[in-house]
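Residues per chain are reported as follows:
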Amino acid sequence: MRIGIYGGTFDPIHLGHLLLADSCREQIPLDKVFFVPAGRPPHKRGTEVSSAVDRLAMLELAIFGEENFAVCRYEIDREEVSYTVDTVRWFRDSWPDAELFLMLGADMWHDLPHWREPREICRLATPVAICRPGTPEPNPDCLLPLSPEVGLKRGFVRVDMPAIGISSSEIRARVAAGKSIRFRVPRAVEAYIATHQLYR
């Protein structure tokens with residue numbers, strides 16, 4: 001089984017997230033993509049994030065009926081700060097025979113060597129560089145110092161996806177300003193945001 005691990009705050013999930021996941025599913029290819037909403041992400045300490053209940057609900061609504069997509073609650077259910085290496089270990093323990101792929105935007109690619117235990121991350125999962133038009137090309141050489149003894153035997157995978165100018169911060173700002181978010185998020189997510197008066 002080939003599993004994609006897609007972490008983020010997903011506050012809220014939008015069509016760009018779904019397109020990215022489907023691009024990885026098709027190009028790698030993957031049997032299943034797990035969306036992993038962050039519980040207490042270390043890089044967003046002090047930043048207000050919507051409740052886990054709301055973010056999980058929107059994720060479930062967004063992927064409803066998509067058999068290749070699933071939501072993983074691991075980070076949400078932890079009380080500790082969420083680190084990628086812990087999540088990847090959990091997936092390895094849960095699916096010992098699976099091939100794991102860690103999905104990273106090109107903007108995060110060069111930060112990977114500075115994360116907690118990056119060598120272990122690369123040992124357990126294949127890094128996936130997701131490239132959009134206009135973003136810097138991923139440089140695989142930045143990963144070489146991480147695991148010379150392993151020789152990066154897994155290498156890395158590149159996935160190309162179309163340019164789509166949607167961000168969660170833009171959606172939150174549009175809602176706060178009373179503007180439409182139609183065609184930026186799934187209809188069910190749009191309805192949830194309105195019903196629960198999020199981002200106002």
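Residues numbered from 1 in each chain as written. Predicted model: local features only at pLDDT ≥ 70, side-chain atom pairs only at ≥ 80, totals over all residues. Heavy atoms only, no water.

1. Brief notes about the overall build of the chain
Phase 1: Counting secondary structure elements, the chain contains 8 helices and 6 strands.
Phase 2: Counted from the first residue to the last, the chain has its helices and strands arranged as β-α-β-α-β-α-α-β-α-α-β-β-α-α.
Phase 3: Against the 2.2 N^0.38 benchmark of 16 Å for 200 residues, the chain shows a C-alpha radius of gyration of 17 Å, consistent with a compact globule.
Phase 4: For the chain, the spread of C-alpha atoms along the three principal axes comes to 55 × 40 × 35 Å. (Helix = DSSP H or I, 4+ residues; strand = E, 2+ residues; numbered from the N terminus. Rg over C-alpha atoms; globule rule 2.2 N^0.38 Å.)

2. Quick look at helix H2 (residues 52-63)
Phase 1: For H2, spanning 12 residues, the distance from its first C-alpha to its last is 17 Å, which sits close to the expected 16 Å at 1.5 Å a residue.
Phase 2: For H2, the set of buried residues is Asp54, Arg55, Leu56, Met58, Leu59, Ala62 and Ile63.
Phase 3: Residues of H2 that are buried sit in contact with helix H1 (15-27), strand E2 (32-37), strand E3 (69-71), helix H3 (74-77) and helix H8 (187-195).
Phase 4: Positive phi shows up at Gly65, right after H2, with a value of about 85°. (Expected span 1.5 Å × (residues − 1). Buried < 20%, exposed > 50% of the residue type's maximum accessible area, 1.4 Å probe, protein only. Contact = heavy atoms within 4.5 Å.)

3. A short note on the nonpolar core
Phase 1: By size, the foremost hydrophobic cluster in this structure holds 35 residues, and its most contacted members are Ile13, Cys24, Phe35 and Met103.
Phase 2: Only H1, E2, H2, E3, strand E4 (99-105), strand E5 (126-131), helix H7 (168-176) and H8 provide two or more residues apiece to this core.
Phase 3: For this core, the element with the most residues is H2, which contributes 5 residues.
Phase 4: Residues contacting Phe35, with those up to four places away along its chain left out, are Tyr6, Phe10, Ile13, His17, Leu18, Ala21, Leu59, Ile63, Phe69, Ala70, Val71 and Cys72.
Phase 5: With 25 residues, the next largest nonpolar core counts Ile3, Ala70, Cys72 and Ala98 among its residues. (Core = buried A, V, L, I, M, F, W, Y, C linked by side-chain atoms within 4.5 Å.)

4. Topic: helix H4 (residues 84-94)
Phase 1: Among the residues making up H4, those that are buried are Val85, Asp86, Thr87, Val88, Phe91 and Arg92.
Phase 2: For H4, the elements touching its buried residues are strand E1 (2-8), E2, H3, E4 and helix H6 (118-124).

5. A closer look at the sheet that holds E4
Phase 1: Pairing in this open sheet of 6 strands is parallel, and the strands run E3-E2-E1-E4-E5-E6 from one edge to the other. Because the sheet does not close on itself, it has two edges, and the strands there are E3 and strand E6 (157-160). Each neighbouring strand pair of the sheet contributes to a mean axis angle of 30°, computed without reference to strand direction.
Phase 2: Where E1 and E2 come together, 6 bridges link them in parallel fashion. For Ile5, the partnering residue across the bridge sits in E2 and is Phe34.
Phase 3: Here H2 sits on the sheet in contact with E2 and E3, set at roughly 165° to E3.
Phase 4: The strands that H4 touches are E1, E2 and E4; relative to E4, the one it contacts most, it runs at about 155°. (Pairing = 2+ DSSP bridges. Axes fitted to C-alpha atoms, helices over the stretch in contact; angles between N-to-C directions.)

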